[in-house]
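Breakdown of the fold
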Amino acid sequence: MTNYIIRRLLMVPLLLIGVTLIIFGMLQLLGPVERSALYVKDFPKNDKQIQGIITRYGLDEPFLKQYGIWLFGVKDPFSGKRDGGILFGDFGYSRTASQDVIDIVKNRFPNTVDLALWTIYPMLSVGVWLGVKAAVNQNKFIDQAARVYSIIGTSFPTFVFGLLLLMLLYAGPQWFLPGKMSDWVSKLVFSGELKQYTHLLSIDALLNLRFDIFVDALRHMVMPILTLSYINWATYVRVTRSSMLETLRMDYVTTARAKGLSEKTVINEHARPNAMLPIVTMAGSSIVGLLGGVVITETVFNYPGIGKAAADAAAQLDVVTVLGLAIFSGSILIVSNLVVDVIYAFIDPRVRLA
Amino acid sequence: MTEQSEMIPTGDNRMLDEVHSDRKITWLEKALGTENYRIVKGLLKTPASVVGFILILIFVLIAIFAPVIMPPVDKDPYKMPRDGYSGEPKAPGAVWTRKVPDVPFWYEPLTGKTEMTHVLGTTQGQYDILYGIVWGTRTAFKTGLLVVAVTVTVGVVLGSIAAYYGGWVDNIIMRITDIFMTLPYIMMALIFSAVLTPILGRSLWPPLIAMISFGWMGYARVIRSDILSIKERDFVLAAKVSGVKKNRILFKHVLPNAIFPTLVLASLGIGDVVLGFAALSFLGIGTDVGYADWGQILSFARNWITNLDRYWYIVVFPGLTLTLFVMGWNLVGDAMRDILDPRMRGKS
Amino acid sequence: MHNNDEVLVRVEDLKVHFPIYRGVIRRQVGAVKAVDGVSFEIHKGETLGLVGESGCGKTTTGRAIVQLYKPTAGHIYFRDIDLVALKEEPMRLMRQNIQMIFQDPYASLNPRMTVRDIVAEPLVAFGLATGKELDDRVRELLDLVRLDPDFMHRFPHEFSGGQRQRIGIARSLALNPDFIVCDEPISALDVSIQAQIVNLFEDLQKDLDLTYLFIAHDLSMVRHISNRVAVMYLGIIVELADRNEIYENPLHPYTQALLSAIPVPDPEHYRKRSRIVMEGDVPSPVNPPSGCRFRTRCPKADQECEKGRPDFREVLPGHFVECFKVELPAHLKEVTTEENR
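Anyway, here's the lowdown on the structure attached to this text.

Rules used in this analysis
Residues numbered from 1 in each chain as written. Chains lettered and ligands numbered in written order. Predicted model: local features only at pLDDT ≥ 70, side-chain atom pairs only at ≥ 80, totals over all residues. Heavy atoms only, no water. Patch = residues over 30% accessible without salt bridge, like charges linked within 9 Å, V, L, I, M, F, W, Y side chains within 5 Å. Areas by Shrake-Rupley, 256 points an atom, 1.4 Å probe, with all protein chains shown as cover. Salt bridge = Lys/Arg side-chain N within 4 Å of Asp/Glu carboxyl O. Helix = DSSP H or I, 4+ residues; strand = E, 2+ residues; numbered from the N terminus. Buried < 20%, exposed > 50% of the residue type's maximum accessible area, 1.4 Å probe, protein only. Polar contact = N/O pair within 3.5 Å; in protein donor to acceptor, adjacent residues only side chain to side chain. Contact = heavy atoms within 4.5 Å. Pairing = 2+ DSSP bridges. Axes fitted to C-alpha atoms, helices over the stretch in contact; angles between N-to-C directions. Buried area = accessible area lost by both parts, 1.4 Å probe. Nonpolar A, V, L, I, M, F, W, Y, C, P; charged D, E, K, R; others polar. 1 Å grid on protein atoms, 1.4 Å probe; cavity = no way out; pocket = protein on both sides within 12 Å on 5 of 7 lines; lining within 4 Å. Points joined across faces, edges and corners; volume = space filled by probe spheres on them. Phe/Tyr/Trp six-rings, centres within 6.5 Å; stacked < 30°, edge-to-face > 60°.

Focus on a nonpolar patch on the surface
- Among the surface-exposed residues, A:Leu29, B:Leu146, B:Ile199, B:Leu200, B:Trp205 and B:Ile209 lie close enough to one another that they form a single nonpolar patch of about 520 Å² accessible area.
- Those elements that place two or more of their residues in the nonpolar patch are helix H8 (185-200) and helix H9 (205-213) of chain B.
- Looking at where A:Leu29 falls in the secondary structure, it is placed in the loop between helix H1 (2-27) and helix H2 (32-35).
- Residue classification places A:Leu29 among the partly exposed positions, given a relative accessible area of 42%.

Quick look at the side chain of C:Asp178
Residues and elements named next belong to chain C.
- Following the sequence through the fold, Asp 178 ends up in the loop between helix H5 (161-173) and strand S7 (179-183).
- The class for Asp 178 is buried, based on a relative accessible area of 16%.
- In this structure the side chain of Asp 178 is engaged in a polar contact, spanning 3.0 Å, whose partner is the side chain of Arg 79.
- Setting aside residues up to four positions removed in sequence, Asp 178 forms contacts with Leu 8, Lys 44, Phe 78, Arg 79, Asn 97, Asp 209, Leu 210 and Thr 211.

Details of the environment of C:Leu316
Residue and element names in this part refer to chain C.
- Locating Leu 316 in the fold gives a position in strand S11 (residues 312-316).
- Looking at Leu 316, the relative accessible area reads 5%, which means it is buried.
- On a C-alpha basis, the gap between Leu 316 and Ala 241 in space is 9.0 Å, while along the polypeptide they are 75 residues apart.

So, the pattern of salt bridges
- Within this structure, the stated rule accounts for 27 salt bridges over all chains.
- The salt bridge involving C:Arg228 is made with C:Glu46; its shortest N-O contact spans 2.9 Å. Of this pair, C:Arg228 sits in strand S9 (residues 228-233) while C:Glu46 sits in the loop between strand S2 (27-43) and strand S3 (47-51); the two residues are 182 residues apart in sequence, bridging distant segments of the chain.
- We classify C:Glu46 as buried; its relative accessible area is 1%.
- By sharing partners, the salt bridges in this structure join A:Asp143, A:Arg147 and A:Arg241 into a single network.

With respect to the sheet that holds S9(C)
Residue and element names in this part refer to chain C.
- Across the sheet, which stays open at both edges, the 8 strands sit in the order S6-S7-S8-S3-S9-S10-S12-S11 with mixed pairing between neighbours. Two strands bound the open sheet, and with one partner strand each, they are strand S6 (98-101) and S11. Across the sheet, the mean angle from the axis of one strand to that of its neighbour is 20 degrees, orientation sign disregarded.
- Its contacts with the sheet put helix H6 (residues 191-208) on S3, S6, S7 and strand S8 (211-216), and the angle it makes with S8 is roughly 160 degrees.

A look at the interface of chain B and chain A
- In this complex, chain B contributes 48 residues to the contact, which on the side of chain A involves 50 residues.
- Roughly 4200 Å² of surface becomes buried between chain B and chain A when both sides are summed, with 80% attributable to carbon and sulfur atoms.
- Three residues, B:Ile179, B:Thr182 and B:Met187, lead the burial of chain B against chain A; their summed loss comes to 14% of the area buried on that side.
- Counting every contact that joins chain B to chain A gives 0 salt bridges.
- Applying the counting criterion to the chain B and chain A interface returns 1 residue pair in polar contact (both at pLDDT 80 or more).
- Residue assignment for the side of chain B that touches chain A shows that the elements contributing at least two residues are helix H7 (167-182), H8, helix H12 (246-282) and helix H14 (312-340) of chain B.
- Of the residues in the side of chain B that touches chain A, the class split is 33 nonpolar, 7 polar and 8 charged.

Considerations on empty space enclosed by the protein
- Enumeration according to the criterion identifies 8 cavities of 30 Å³ or more in this entry.
- Considering only enclosed or pocket space, the largest cavity measures out at about 70 Å³ in volume.
- Lining of the largest cavity is provided by B:Ala238, B:Val241, B:Ser242, C:Gln99, C:Met100, C:Ile101, C:Phe102, C:Ser108, C:Gln165, C:Gly168, C:Arg171 and C:Ser172.
- If you list the elements that add at least two residues to the lining of the largest cavity, you get helix H11 (234-241) of chain B together with S6 and H5 of chain C.
- When residues of the lining of the largest cavity are assigned to their parent elements, the largest contribution, 4 residues, is made by H5(C).

Observations regarding the pairing of S8(C)
All names here are of chain C.
- Of all the 6 residues making up S8, 6 are buried; the element is thus mostly covered by neighbouring parts of the structure.
- Burial along S8 is two-sided: the residues Thr 211, Leu 213 and Ile 215 and Tyr 212, Phe 214 and Ala 216 are all buried.
- The sheet contact formed by S3 and S8 spans 5 bridges and is parallel. Looking across to S8, one finds that Thr 47 is bridged to Tyr 212.
- Note: S7 against S8, 5 bridges, orientation parallel. Paired with Phe 179 across the two strands is Thr 211, which belongs to S8.

A word on the packing of aromatic side chains
- Evaluated as defined, the whole model comprises 30 aromatic pairs over all chains.
- Centroid distance A:Phe159 to B:Phe282: 4.7 Å. Interplanar angle 20 degrees. Geometry classified as stacked. Residue A:Phe159 is located in helix H7 (residues 158-171), and its partner B:Phe282 is located in helix H12; the two belong to separate chains.
- Each ring, one from C:Phe18 and one from C:Tyr69, has its centre 5.6 Å from the other, and the planes form 90 degrees; the classification is edge-to-face.

Looking at H11(B)
- With 7 of its 8 residues buried, H11(B) lies for the most part within the structure.
- Among all positions of H11(B), only B:Asp234, B:Phe235, B:Val236, B:Leu237, B:Ala238, B:Ala239 and B:Val241 are buried.
- Buried residues along H11(B) sit against helix H10 (217-231) and H12 of chain B together with helix H1 (58-65), S6, helix H3 (115-125) and H5 of chain C.
- Where H11(B) terminates, the next one or two residues include B:Gly243, which has phi positive at roughly 95 degrees.

So, in structure tokens, the structure goes:
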């Protein structure tokens, strides 16, 4: 078991190096002039200044040397302090957002986490429940309906679904709202009245015992949650259904029935737990995916998370920002994949022995 | 002569009446190979996949006959014609005044009018939605087929090399695949697209290249695991014993038997690629504003969020088209997956 | 024994070990010793039967001889050429002399190829015939195995198990090999078909002057076709003798136990013979017992058997046993070293 964890941990630096190399490689496709934006806030006007920046940050040095500089930064010849460096959290400066990229991360990532938090349960529960029901009642109406749903669901593009939701639930009746918070809430947040314990709006609202803010936060999240969930429901219905069908065919299920156990017990205690194994792997991936920044959903609903930040920067071709956010996302994903793999090894003993 | 054993096999050498099938093999089966023939037959029997095929066929026809269905107005048919420059979208049925195309053959019988109108309405900037949908079909096929063809090729080549040569080659290729798979697809496609646009200019190429770069991994993995399992099968060993050279074994024995799951993935992949491309267009990456592409049309809806109930047609028509397109491919792909799944075989 | 004393195949101390990796950096912690020191000769024109339980290493031995597995140690001489030392291309050329027939008739034929292509493949691989000449040769081969040559454009799935096995045999004969390793060729077939196929094997051997290594676990079938029989246990040969000798006078306790387990239709005989029952399960080939490998299940084992592996020695003319506890029937005398044939 420990062996597996150690081996898995050793992969992390390898993955990080690989990811950073890829991102860095993309960065190198730009010329030195654009890349100077990585290091300076105001874009210098004349050539001499630009050349100075290029020399100072080694922007025309060979690939590997630049990779090193990008990771570790350079030493300021005058003050002796370190300047720049991905490993030290300096992801550069975003010209489109007018702030350091790391600040973008600090402001936006908690919102993405907030959304992910509330999406997990709805996303997993409905699909699985429907899949089990469909398998148990094979070929009856609910099964056919579930299968139709799974086909349509996986074909429906997320942004179209999102737009439809906006059309039906917002444009007309205004039950649910896009964005993150209503104006009156943001006033409270910015004035500091709402104490930020976790920087997650919904949790902070609860911790501050402000249920009105809490409701407002949820109201803004309902549509994104629905959008993120429905496509997962479609996939989970299909996978759960086939996994459940396969499990129900197994001999030990027939034995359980022959022993005289009630059908309910057979399904809930014998078949379902075993059928769930492939679902658990998928669930891990889905949750990890939520953290990676759900670009499209956040953009459709104007939700200020990491995904939207990346989309906004990309649309304006702010490559530096975009790459900085990519590094951040990549690192988060590597870490969360590790956590999921380890948890999975606890659950399924076969994995450890592989 | 020493004692015989208790079990004496018959000394009779005549061949007993063994059962073999007198099934007629059609030329089609000979051409496709038995496995593939079975799959095609299965697909034609499943109602879901038949529906899928019909959908795909409809779209193919639309793509082929685009110039006849909605005659182009501009030199570049992919530029959606603009009826003026007003910012307010017009509802379906509004009269078409500027840059009017020739009246297509189906127009009068279907609508009963002689003057051209915007059958499905316009977006802001007065781009005709129907035109965009019709010509967008061509865009969808172009991009979908291209990306799938390239990613499958890249994936199969890499996966085959990894599986067949093994050792450190396998290790390196698989680590690279792992690294690429860790990264979130849409975000990376977005990012790479954004990086490439200043270099290649605003065209289809940045998003296409971006999607190809991050879309090959699934195929590499699948073909690799299939090859690894087929490599050990008896008929492959028999070919080795028969003196067949290594390369020929790979191409004649291993690959043809291993390629099928990959093709299933590929057929589903077209739907996903078109979805992805539409998503990128929706976000503003890739095609120019006004290019005939479904995602592009949908991106106009972003400006009218508060009034979407009034301008519903900007969302519904292209959205429906996109959904049906993807659904067609998904239906066929799903049916194929069911047929190939050995556990389902007993059921047909 | 055989008139022709030419040694066609000589296996010398063959070992095939499959490494096991464990731990963080995947070091090798042990090995599955599938074949752990096997030696024998096969003379031209004879059939050597190789029997043993599942997992004793007989299939691995067969595949190692054909170089489908790379031996970990030892030599395999075919007419004095060491196959183990050959590089890839020279070994490929050697395959014109050494062929193999596989156990599973459903897995050994490529489902996408016609019978004609399957049987012709060896000829194509060495460029020996093309076009009409190739077709004629295929027909000839199908005839040899008693299949209707008109079936050559059909696919394997249209044939029964026995017919498929014949196709496999036809394929192995295409290059006119001298030596064929038959890896349990009848185990997967129905009993009635088994007899036909075995007869086919014998006829082919006579007509084409073939030499066989016949691997099987059905002792009575092996008795019928073999000239000599080798018995394997846990990666080594425990007994090797003439066919009749081994069935009438088994000296190794393992062989005795195996033979006593053969069902006998005669109730009188059944009651009269003594049944030897082995205790326990087959030990793991990763860690075979020290000393004599069979001692953990042997009814005759004692402390002497723990001390070391017995020599594989010729106890009677042509009869080799690896055991400390060989008991000769009263009327036979043990062969001393000076009297060695």
